[in-house]
Amino acid sequence: MAAMVSANLPSGTAFGNSLRRPFGHYIGYVGLWQNWVMFHTIPHFHKIRPVLVASYAGGSKTEHGPMLPGLTKYEHRTRLGSLFFRYVWPTGDINPYAESYLRKACGEVARQTGHKPASVTLRLDSYRLMPLNEVRQTHKTSKPASDTSALNVPCS
Amino acid sequence: MQLRKKAAELPQDVITWIERWLLEPIDARVYAMVRITYGIMALGIVLELWSLREHLFSEGGMSYHRPDLLFYILFKWVRSSAGVSAMMAVAGLAACMVIAGLFTRFALAVLYLWNFAYCAIGYPAEAGYDGIERIVGFILLLGPPMRMWSLEARIGAKAPEGSFLRRFFGPRGATEPRYALRLMQWQLAIIYIATVWLKAPDNYWRSGELMAYFMMSMYSNFPFAAWAWLGKTSVLMTWYTLFAETTIPFALMLAGTDKFFRRFAFLLGVGLHGGIAITSTIGMFSLSMVPLYAAYLMPEDIDDVAALVARLRRKSSAPSAAATASTPSVAKVAKS
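Residues numbered from 1 in each chain as written. Chains lettered and ligands numbered in written order. Predicted model: local features only at pLDDT ≥ 70, side-chain atom pairs only at ≥ 80, totals over all residues. Heavy atoms only, no water.

## Focus on the side chain of Gln187(B)
Here is step 1: By the secondary structure assignment, Gln187(B) is in helix H9 (residues 179-199).
Here is step 2: Take Gln187(B): its relative accessible area is 3%, and that puts it in the buried class.
Here is step 3: Each residue touching Gln187(B), except ones within four places of it in the same chain, is listed here: Met4(A), Gln34(A), Trp36(A), Ile135(B) and Leu292(B). (Helix = DSSP H or I, 4+ residues; strand = E, 2+ residues; numbered from the N terminus. Buried < 20%, exposed > 50% of the residue type's maximum accessible area, 1.4 Å probe, protein only. Contact = heavy atoms within 4.5 Å.)

Following this line, the structure appears as structure tokens:
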């Protein structure tokens, strides 16, 4: 019971990690880690479409479906939405996953097109929700937007 | 003198209270309800992930098979397309075994390892309900045997005295110690308290606008601009969510044997999670909360539901019985 509480304690207080430390190994090894950040503020998107962008040495770019294997088109599922949000805006713990994904994407693009890109990144095309007063004026829920991942992995 | 005596008895009283709170006997049907709802939830997650298995778990997919995976993370060893499919089929089978109550402990262990494995490599796609599956699975794994309403109990009852099957699946009493249910109750309370802690300071939650945005978002089943005009509906929905999430854990924890408070909390939960299931794309979250709620059931709740079902059955069979009585039977017609 104490471990369950400890797994939810914020680490940004004056206590730092000291309240979590006694249970750290137990939580990790038996899988009691948990995070109940569930819509702690508004969602920002009405629709999303992640796109894989490959850049070539000459400066040209190609776009591909982001789903591996196969570079197929994105079909919305809540889980996949979360995955691509985390890959476009990766935090420290997600970075290795996002980099691994982009490295695999390099190989997949090279295999499918026959040309090895210089680097690969992820772009999130979306319809971003507008403030309620704008929705009432325009009768539209959202407007087009585009965000590119901070990660741009070179294809070695 | 009196005070000193009480102070001296306090440690023993506290230990007795904790012991009673954790180990008091509870109707074994409550454990059966938790087991069955957990199995349904686990099966639901396997089915949800089935079409994504190649993308999320195979070698060429979008996850990261990190080199330092622990040995019990099954994806350290299984990465091929066929291997992943087979692993998921085994997980689906284990979920069915948990529902039916056959080799329950073994099936729970399989589901636990499966969850650990897919969350470890598919971490960026992990949802809150995966955590619930893993935590409830771990608690059930450590809990008492859940033999009520199970195939194990049927096998054990038919097996000859002294046989291997009798020893493993033999009948148990009508009650089990409550500790695993208590851990689940605690977990449910933590989920709600933690989420309210994070939501309450946010301006959109406080102004009641959050649900209008949520309902227009990609998580909604009805993402129409009309929500921008439904200001009062949005406020009521937003504040209901906060009210329910704040009230449910305390009402359930403090209700004890009080039927009214417990059922009031259940009703709030049905409103909250029923609403989520109907209006949003995250219905699986609602399903995953059911075993945690089931941990709060009392025998009278199960009795009342059984009585209600029996009453409904009698009602539905009454008209057909009356119709049969008023219609001359084929034999009678033939005779005449």
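## A look at the pattern of salt bridges
Here is step 1: If you walk through the whole model with that rule in mind, you get 24 salt bridges over all chains.
Here is step 2: Here the salt bridges share partners, and the residues they tie into one network are Lys259(B), Arg262(B), Arg263(B), Glu300(B), Asp301(B) and Asp304(B). (Salt bridge = Lys/Arg side-chain N within 4 Å of Asp/Glu carboxyl O.)

## Points about helix H3 (residues 78-88) of chain A
Here is step 1: Counting buried positions over the 11 residues of H3(A) gives 10, a clear majority of the element.
Here is step 2: All of the buried residues along H3(A) are Thr78(A), Arg79(A), Leu80(A), Gly81(A), Ser82(A), Leu83(A), Phe84(A), Phe85(A), Tyr87(A) and Val88(A).

## A few points about the environment of Asp301(B)
Residue and element names in this part refer to chain B.
Here is step 1: The topology assignment puts Asp301 in helix H15 (residues 299-326).
Here is step 2: Classification of Asp301 by relative accessible area gives buried; the value is 6%.
Here is step 3: When the C-alpha atoms of Asp301 and Trp197 are compared, they prove to be 31 Å apart, with 104 residues separating the residues in sequence.
Here is step 4: Within the structure, Asp301 has its side chain in polar contact with the side chain of Arg262 (distance 2.9 Å).
Here is step 5: Of note is the side chain of Asp301, whose polar atom sits 2.8 Å from the side chain of Arg263. (Polar contact = N/O pair within 3.5 Å; in protein donor to acceptor, adjacent residues only side chain to side chain.)

## Digging into the environment of Tyr179(B)
All names here are of chain B.
Here is step 1: Take Tyr179: it is sitting in helix H9.
Here is step 2: When its relative accessible area of 24% is taken as the criterion, Tyr179 is described as partly exposed.
Here is step 3: When the C-alpha atoms of Tyr179 and Ile139 are compared, they prove to be 9.3 Å apart, with 40 residues separating the residues in sequence.
Here is step 4: With residues up to four places along the chain from it excluded, the contact list for Tyr179 reads Leu22, Leu23, Tyr31, Leu142, Gly143 and Pro144.
Here is step 5: Side-chain polar atoms of Tyr179 contact the backbone oxygen of Leu142, separated by 2.9 Å.

## Considerations on the confidence of the model for chain B
All names here are of chain B.
Here is step 1: In the predicted model, chain B carries a mean pLDDT of 91, and the fraction of residues at 70 or more is 94%.
Here is step 2: Here helix H16 (residues 330-335) is the element of chain B with the lowest mean pLDDT, 44, and helix H11 (residues 210-216) is the one with the highest, 98.
Here is step 3: Note on residues 329-336: pLDDT under 50 across the span, and 1 contact to partners over four residues away in sequence or across chains. (pLDDT = per-residue confidence, 0-100.)

## Notes on the sheet that holds strand E1 (residues 45-55) of chain A
Residue and element names in this part refer to chain A.
Here is step 1: On the basis of which strands lie adjacent, the open sheet formed by 4 strands has the order E2-E1-E3-E4 and antiparallel pairing. Each edge of the open sheet is held by one strand with a lone partner, namely strand E2 (61-64) and strand E4 (142-154). Pairwise comparison of adjacent strand axes, ignoring direction, gives a mean angle of 30° for this sheet. (Pairing = 2+ DSSP bridges. Axes fitted to C-alpha atoms, helices over the stretch in contact; angles between N-to-C directions.)

## Digging into the interface of chain B and chain A
Here is step 1: Between chain B and chain A, the residue contacts involve 67 residues of the former and 57 residues of the latter.
Here is step 2: Overall, the association of chain B and chain A removes approximately 5,600 Å² of surface from exposure, summing both partners, and the carbon and sulfur fraction of that is 68%.
Here is step 3: Here chain B is connected to chain A by 2 salt bridges.
Here is step 4: The tally of links from chain B across to chain A stands at 29 residue pairs in polar contact (both at pLDDT 80 or more).
Here is step 5: At 9 residues, the largest contribution of residues to the side of chain B that touches chain A is made by H9(B).
Here is step 6: Grouping the constituent residues of the side of chain B that touches chain A by class yields 45 nonpolar, 12 polar and 10 charged. (Buried area = accessible area lost by both parts, 1.4 Å probe. Nonpolar A, V, L, I, M, F, W, Y, C, P; charged D, E, K, R; others polar.)

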